[in-house]
Amino acid sequence: MLGIESDDTPVIHLLKGVVVTQRLDTLAGEIEGLSIQFATFRRKNTCAVDAVVHTADGTVIHQERWPAGDLVDNAYRWLELAGPIPVVEGGIWLSLKSDDATPENNVAIWRAASGRSDVLLRRRLGAVMVKSRLQGQSLPGFYLSLNFQSSTSLLSYRRAAEENRPGSEKVALYLDETGGDSMEWAVSCCQQAQIPYAVVRGSESLAKVSPRIVLLSAALPTESARKVAAQSRALNVPVAILARESDGTASPNKDHWPSFADYLLAGEERALGLFRHSALIDESSFGAAIERAIESYRARRTPRMSIVTILHAKAEQIGPVLESYFRQSYKGELEIVFVDDASRSDESSLIEAGFKEMSSRYDTNGRISFKILRNEKNLGNCVSRNRGIAEATGDIVIVIDADCMLNRDFLQAHADAHSYLDGDVVIGPLNIESEDAAPLPFLFDLENNPRRALDLSDLQDPVNLESFLNCITRNFSIKKSAIIEPLFDPLFSYSMDPNSGFGWEDVEMGYRLYKRGIRPKFTNDAFTVHISHASSVPESEKVARSLKNFWRLYEKHPELGFVARRWSLSTFAKLKTFGAACGASVAGNEDVDKLNDYFSRISRTASSKPVKRRLRVLTYRWHVPHQYELYKLGHEFYLATGLGSPLCEMWEFGQRPFPPNAKFIKADKIREEEFDLALLHFDENVLSYENTNGEIGPEWGAAFRWFAENLSLPKIAVCHGTPQFHGQYTPGYSGDDLMTVIEPARARLVDYVKDMEVVCNSHQAQKEWGFHRSRVIWHGFDPAEFPPSTYERGILSPLGPLVTSRPHYRGYYLYQQVFNQDFPEQFSPSKLAVPEPDVDYSGNVYAFAKYKNYVDQLRKYSVYFNPTLRSPMPRARAEPMMCGVVTVNANNHDVDLFIKNGVNGFYSSDADELREHLLYLMRNPEAVKKMGAESRRTAMDVFNHDRYLAEWTELLNSVT
């Protein structure tokens with residue numbers, strides 16, 4: 001009846017009498033799109049499928065019925081939601097049923113590899129609640145293959161509140177065939193120490209055990225561990241890895257542990273460094289180690305928080321700000337460190353009086369404390385902040401200006417974001433001005449309309465929310481353990497001394513964190529409101545001081561102009577404009593002259609004409625990393641679905657985040673008059689799939705062909721490939737025509753797009769194709785997303801199904817020649833293994849984390865070997881360069897236009913030469929670092945996304 005043959009069954013059949021239900025894996029925000037992946041078994045089923053979106057109490061939000069004959073095998077079917085669905089307490093649920101299905105006439109839902117909420121099988125659609133959960137038969141480890149888009153402008157790390165569950169005293173020991181010895185040892189330890197325990201096997205449910213903690217063997221495969229951890233997260237209990245003897249150091253899964261585990265219990269001291277939270281364990285200390293793991297988890301979920309803020313000319317703002325501290329929803333301890341920087345008014349007394357008043361009005365049970373540090377003389381904001389941070393005792397330190405109010409969930413949102421093991425800094429919306437409104441009522445209004453907070457926020461970099469440029473002390477927190485040097489440079493301190501500069505100390509601080517590889521997490525759940533007030537310094541004086549510190553920024557960090565070139569040039573121009581507007585002459589200003597000279601040396605590729613207007617662009621999903629960068633143009637992009645290409649039906653969150661200015665649109669909802677132009681993506685196979693040795697079918701180019709043949713809009717086409725050639729999809733092919741272009745296929749495609757402007761990724765590709773109208777736009781990347789390499793690993797080179805399925809295209813045989821039996825084993829190349837993000841993450845929260853994980857793995861390497869022969873300007877070649885990884889390349893697709901042999905990398909067509917280059921680098925680590933620095937500088941100039949966006953803006957302006 002259930003339609004599930006075993007745990008390995010890849011699908012769940014929808015059969016009569018059973019309702020399949022699952023909670024959607026998101027705790028906050030809005031759900032803007034939802035689709036389900038069906039299996040129809042390529043038969044014409046005549047049953048009907050009902051899909052119902054509802055709350056936990058059964059309130060129906062949306063429902064649809066589909067004839068099974070309309071569903072496409074292995075494809076996602078999107079629900080036609082009337083609008084965004086807000087996530088409410090108890091969550092949003094999806095239920096599916098098919099009342100007239102039979103074993104011979106039914107469809108099935110594909111299973112996903114992982115998830116947070118188990119599938120429930122129920123007898124009827126109406127909800128029955130049991131302890132805040134729907135009643136039904138739970139299938140642990142079973143998750144539906146869903147693709148849902150939560151509000152992409154909202155990034156939330158909110159976690160469900162911990163529950164006090166009676167009887168949760170047991171230690172759950174997860175047992176399978178891979179970790180038997182460790183778990184049997186743990187059973188023995190529990191018995192000796194008389195610790196209540198339960199052995200959980202296979203797909204058994206943790207909910208029945210109701211444990212205090214779950215122990216997993218270090219040898220447990222990552223996929224299995226994540227499934228168990230997803231259950232554990234739903235119960236709000238910690239997961240500990242048990243690594244006895246060499247289990248930990250030898251485990252191939254250790255890079256993945258932070259995505260599901262909370263603690264490491266290690267049998268060897270050398271394994272402790274594998275995990276941030278860990279302890280040694282043996283028979284005698286087993287019970288104590290378990291308690292430490294549980295306490296560590298609780299402390300991480302509810303850390304002690306410290307607010308550090310500076311008192312100087314803030315007397316009028318103290319009242320509302322202090323009240324915003326006391327009305328926090330956070331239940332943990334809060335310490336407020338005030339540094340009185342020789343304030344002119346008696347602001348310290350105001351704090352003491354205000355704290356006494358607030359303590360009488362708000363019942364905090366002594367959770368909130370404060371201290372006041374007094375500077376004997378005015379030392380400035382940077383020195384004062386550093387002093388306050390040094391005195392702070394919290395696990396998390398929030399550095400914030402004393403005229404900024406916190407929204408009610410500010411501390412909780414920061415604590416939740418920090419509670420995961422993938423970040424040390426959290427930021428959010430800021431620079432929201434109260435203007436003429438009463439401060440607290442204005443704050444309350446935004447709390448009731450949280451989406452408006454992001455709209456009003458004025459970030460330094462609104463394109464890249466998680467840029468170090470947005471590390472501003474109006475919404476910034478950092479783990480105390482991550483502070484290894486004074487956070488703020490006293491050189492940038494703003495004080496009463498007329499020779500001091502003004503501003504940019506936050507950017508300088510954020511940039512140093514970025515160079516260490518620390519990148520912030522952005523949460524929409526925490527925002528601040530700046531209480532608007534007149535400046536204590538004349539605007540003309542402020543401009544001069546700001547220019548002084550702006551020059552200091554680049555004098556101290558000369559490479560910053562490349563890393564943040566788009567922002568640097570724009571900000572410099574705004575400073576000069578603002579100076580002129582307030583009567584501050586910049587002519588003859590020494591700092592302006594220095595900045596002009598500096599930017600003249602780095603800005604040769606950054607100029608662009610302004611965008612005429614915000615365009616509405618009709619397109620479809622194709623190459624996700626390419627589109628992620630392209631959509632930074634800021635126009636509105638609508639991605640058509642329902643055109644017959646399964647690839648185009650959903651965004652791939654595992655590759656890049658879904659941009660907030662992109663939306664999916666069903667083909668039958670398209671009205672041409674509502675759009676300005678069409679953007680078509682294609683490769684060499686869209687018209688000639690028959691030349692792909694059965695690897696690609698006719699559906700591959702369906703969306704491209706529909707756009708080309710049915711739309712009269714102005715069109716731009718982006719070519720992601722090179723002309724088809726003999727042997728391209730045939731491993732081992734050795735015919736006389738190997739690697740020669742299939743001319744009829746090339747000519748056919750060139751003629752097909754003859755009326756379109758085609759963008760090629762390389763000059764070589766442009767020449768090979770010979771399109772009637774074309775231009776070359778090289779890839780662009782944001783350097784702020786690529787911190788410098790650590791050079792801790794050796795050679796990285798691609799090897800996998802994408803390479804072996806097209807060996808001539810990807811250079812597989814060249815790879816084999818280079819890494820032949822004579823290549824030293826100690827220098828053998830590695831394949832890139834990107835850890836999954838935390839099991840709680842979904843949507844764009846998942847996507848941002850996965851992209852960071854990708855870059856963080858990439859930048860661990862010293863050398864990237866690129867054997868690709870036919871890919872037009874492979875992104876995998878440019879991305880390592882952005883980090884400073886030295887690339888050794890096959891000589892193709894414009895590599896000679898930006899690589900200088902022996903200076904910033906190597907290229908050659910000869911396998912022996914390529915091998916010698918690789919060995920030279922591996923035997924000379926100092927040469928790697930020197931060439932890596934040149935490689936990074938080249939990439940940040942040549943492949944900087946400001947150049948890329950400028951060239952695309954020029955093209956769009958010419959078409960529209």
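Criteria and thresholds
Residues numbered from 1 in each chain as written. Predicted model: local features only at pLDDT ≥ 70, side-chain atom pairs only at ≥ 80, totals over all residues. Heavy atoms only, no water. Pairing = 2+ DSSP bridges. Helix = DSSP H or I, 4+ residues; strand = E, 2+ residues; numbered from the N terminus. Axes fitted to C-alpha atoms, helices over the stretch in contact; angles between N-to-C directions. Salt bridge = Lys/Arg side-chain N within 4 Å of Asp/Glu carboxyl O. Buried < 20%, exposed > 50% of the residue type's maximum accessible area, 1.4 Å probe, protein only. UniProt positions renumbered as here; feature names shortened; annotations may be inferred. Left-handed = near helix turned anticlockwise from the far one by under 90°. Contact = heavy atoms within 4.5 Å. Nonpolar A, V, L, I, M, F, W, Y, C, P; charged D, E, K, R; others polar. Phe/Tyr/Trp six-rings, centres within 6.5 Å; stacked < 30°, edge-to-face > 60°. Lys NZ or Arg CZ within 6 Å of the ring centre and 35° of its normal. Core = buried A, V, L, I, M, F, W, Y, C linked by side-chain atoms within 4.5 Å. Disulfide = S-S within 2.5 Å. Right-handed = clockwise from strand over helix to strand, strands pointing away. Parallel < 35°, antiparallel > 145°, perpendicular 65-115°, else oblique.

- The name an unreviewed UniProt entry gives the chain is Glycosyltransferase 2-like domain-containing protein, with Methylogaea oryzae as the organism.

### Looking at the sheet that holds strand β15 (residues 171-175)
Reasoning step 1: Across the sheet, which stays open at both edges, the six strands sit in the order β16-β15-β17-β18-β19-β20 with parallel pairing between neighbours. Among the strands making up the open sheet, the edge pair consists of β16 (197-201) and β20 (278-280). The average angle at which neighbouring strand axes cross in this sheet is 25°, direction not considered.
Reasoning step 2: Taken together, the four bridges between strand β17 (residues 213-217) and strand β18 (residues 239-243) define a ladder with parallel strand orientation. Bridge assignment links Leu215 to a residue of β18, and that residue is Ala240.

### Quick word on the pattern of salt bridges
Two side chains that carry opposite charge are able to pair once their charged atoms sit near each other.
Reasoning step 1: Here the structure, examined in full by the defined rule, presents 55 salt bridges.
Reasoning step 2: Two residues, Arg212 and Glu291, come together in a salt bridge whose shortest N-O distance is 2.9 Å. Of this pair, Arg212 sits in the loop between β16 and β17 while Glu291 is found in helix α4 (residues 286-301), placing the two residues 79 residues apart along the sequence.
Reasoning step 3: Residue Arg212 is classed as buried on the basis of its relative accessible area of 19%.
Reasoning step 4: Overall, the relative accessible area of 39% leaves Glu291 in the partly exposed class.
Reasoning step 5: Residues Asp838 and Arg233 are paired through a salt bridge, measuring 2.4 Å at the closest nitrogen-oxygen approach. Highlighted residues: Asp838 in the loop between α22 (812-818) and α23 (843-858) and Arg233 in helix α2 (residues 222-234), separated in sequence by 605 residues.
Reasoning step 6: A network of salt bridges, in which partner residues are shared, links Arg385, Asp401, Glu433, Arg474, Glu505 and Asp506.

### Some words on the UniProt feature "domain: Glycosyltransferase 2-like" (unreviewed entry) in the chain
Reasoning step 1: Here, UniProt's "domain: Glycosyltransferase 2-like" (unreviewed entry) annotation points to residues 306-432.
Reasoning step 2: Across residues 306-432, the secondary structure splits into 35% helix and 24% strand, with the terminal C-alpha atoms separated by 23 Å.

### Here's the deal with the sheet that holds strand β40 (residues 886-890)
Reasoning step 1: Strand order in the open sheet formed by four strands is β38-β39-β40-β41, with parallel pairing between adjacent strands. On the outer flanks of this sheet lie β38 (793-796) and β41 (906-908), each paired with one strand and no other. Put simply, the sheet's adjacent strands are angled 10° from each other on average, direction ignored.
Reasoning step 2: Here three bridges tie β40 to β41, and the two strands are oriented parallel to one another.

### A look at unusual backbone geometry
Reasoning step 1: Positive phi, normally seen in glycine, also occurs at Asn74, with a value near 70°.
Reasoning step 2: Relative accessible area serves as the criterion here: at 37%, Asn74 is assigned to the partly exposed category.
Reasoning step 3: Backbone geometry at Met873 places phi at a positive 55°, although glycine is not the residue there.
Reasoning step 4: Positionally, Met873 belongs in the loop between β39 (861-866) and α24 (875-883).
Reasoning step 5: Note on Met873: relative accessible area 1%, which makes it buried.

### So, the packing of α24 against helix α26 (residues 925-942)
Reasoning step 1: Their axes nearest at 6 Å, the elements α24 and α26 cross at an angle of 115°. Once α24 is placed against α26, the crossing between them reads as left-handed. Of α26, the residues touching α24 (which contributes Met881, Met882 and Cys883) are Ser935, Arg936, Thr938, Ala939 and Met940.
Reasoning step 2: Looking at the contact of α24 with α26 residue by residue, the classes come out as five nonpolar, two polar and one charged.

### Points about the packing of aromatic side chains
Reasoning step 1: Overall, the coordinates contain 49 aromatic pairs when judged by the stated rule.
Reasoning step 2: On the basis of an interplanar angle of 80° and a centroid distance of 5.4 Å, the ring pair of Tyr638 and Phe675 is categorised as edge-to-face. Linking Tyr638 in strand β32 (residues 636-641) with Phe675 in the loop between β33 (662-666) and β34 (677-682), this pair joins segments that are 37 residues apart in sequence.
Reasoning step 3: Residues Phe819 and Phe823 carry aromatic rings whose centres are separated by 4.8 Å and whose planes lie at 80° to one another, so their mutual orientation is edge-to-face.
Reasoning step 4: Here Phe819 falls in the buried class, since its relative accessible area comes to 14%.
Reasoning step 5: On the basis of relative accessibility, which here comes to 7%, the residue Phe823 falls in the buried class.
Reasoning step 6: In this structure an aromatic cluster arises from ring pairing among Trp504, Phe550, Trp551, Tyr554, Trp567, Phe572, Tyr598 and Phe599.
Reasoning step 7: Above the face of the Phe488 ring, Arg385 is positioned so that its terminal group lies 4.9 Å from the ring centre.
Reasoning step 8: Taking NZ or CZ as reference, Arg806 lies 4.2 Å from the ring centre of Tyr809, over its face.

### Concerning the pairing of β18
Reasoning step 1: With five of five residues buried, β18 lies mostly within the body of the structure.
Reasoning step 2: Of the two faces of β18, the one holding Val239, Ile241 and Ala243 and the one holding Ala240 and Leu242 are both buried throughout.
Reasoning step 3: As paired strands, β18 and strand β19 (residues 263-266) are joined by four bridges and run parallel to one another. Counterpart to Ala240 in the pairing with β19 is Tyr263.

### Describing the nonpolar core
Reasoning step 1: Ranked by internal contacts, the top residues of the largest apolar core, which has 148 residues, are Phe468, Phe476, Phe550, Phe943 and Trp952.
Reasoning step 2: Here this core gets nine residues from one element, more than from any other, and that element is α23.
Reasoning step 3: Sequence-distant contacts of Trp952, that is, excluding residues within four places in its chain, are made with Leu630, Leu633, Leu679, Ile716, Val718, Val759 and Ile777.
Reasoning step 4: With 38 residues, the next largest nonpolar core counts Phe326, Ile372, Cys404 and Ala453 among its residues.

### Structural notes on the state of the cysteines
Reasoning step 1: One pass over the full model with this rule turns up zero disulfides.
Reasoning step 2: There is no disulfide at Cys471, and the cysteine sulfur nearest it, in Cys382, is 15 Å away.

### What about the pairing of β17?
Reasoning step 1: Counting buried residues along β17, five of its five residues qualify, which places the element largely inside the surrounding structure.
Reasoning step 2: Where burial is concerned, the two faces of β17 agree: the one with Ile213, Leu215 and Ser217 and the one with Val214 and Leu216 are both buried.
Reasoning step 3: The sheet contact formed by β15 and β17 spans three bridges and is parallel. Considered in β17, the bridge of Val171 is made with Ile213.
Reasoning step 4: Once you follow β17 into α2 and on to β18, the crossover reads as right-handed.

### Describing the packing of helix α5 (residues 318-326) against helix α6 (residues 347-361)
Reasoning step 1: Packing of α5 against α6 leaves a shortest axis separation of 10 Å and a crossing angle of 40°. One element, α5, and the other, α6, form an angle in the oblique class. Remark: the crossing between α5 and α6 carries right-handed chirality. Residue-level contacts link Ile318, Gly319, Leu322, Glu323 and Phe326 of α5 to Glu347, Leu350, Ile351, Gly354, Phe355, Met358, Ser359 and Arg361 of α6.
Reasoning step 2: Among the residues forming the contact of α5 with α6, the class breakdown is seven nonpolar, three polar and three charged.

### Let's talk about the side chain of Ser348
Reasoning step 1: Note that Ser348 resides in helix α6.
Reasoning step 2: Excluding residues that lie within four positions of it along the chain, Ser348 makes contacts with Leu311, Asp340, Ile372 and Arg374.

### Regarding the environment of Met305
Reasoning step 1: By secondary structure assignment, the location of Met305 is in strand β21 (residues 305-311).
Reasoning step 2: Taking the C-alpha atoms as reference points, Met305 and Tyr851, 546 residues apart in sequence, are found 29 Å from one another.
Reasoning step 3: Not counting chain neighbours up to four residues away, the residues in contact with Met305 comprise Tyr330, Glu333, Leu334, Glu335, Gly394, Ile396, Ile398, Leu411, His414 and Ala415.

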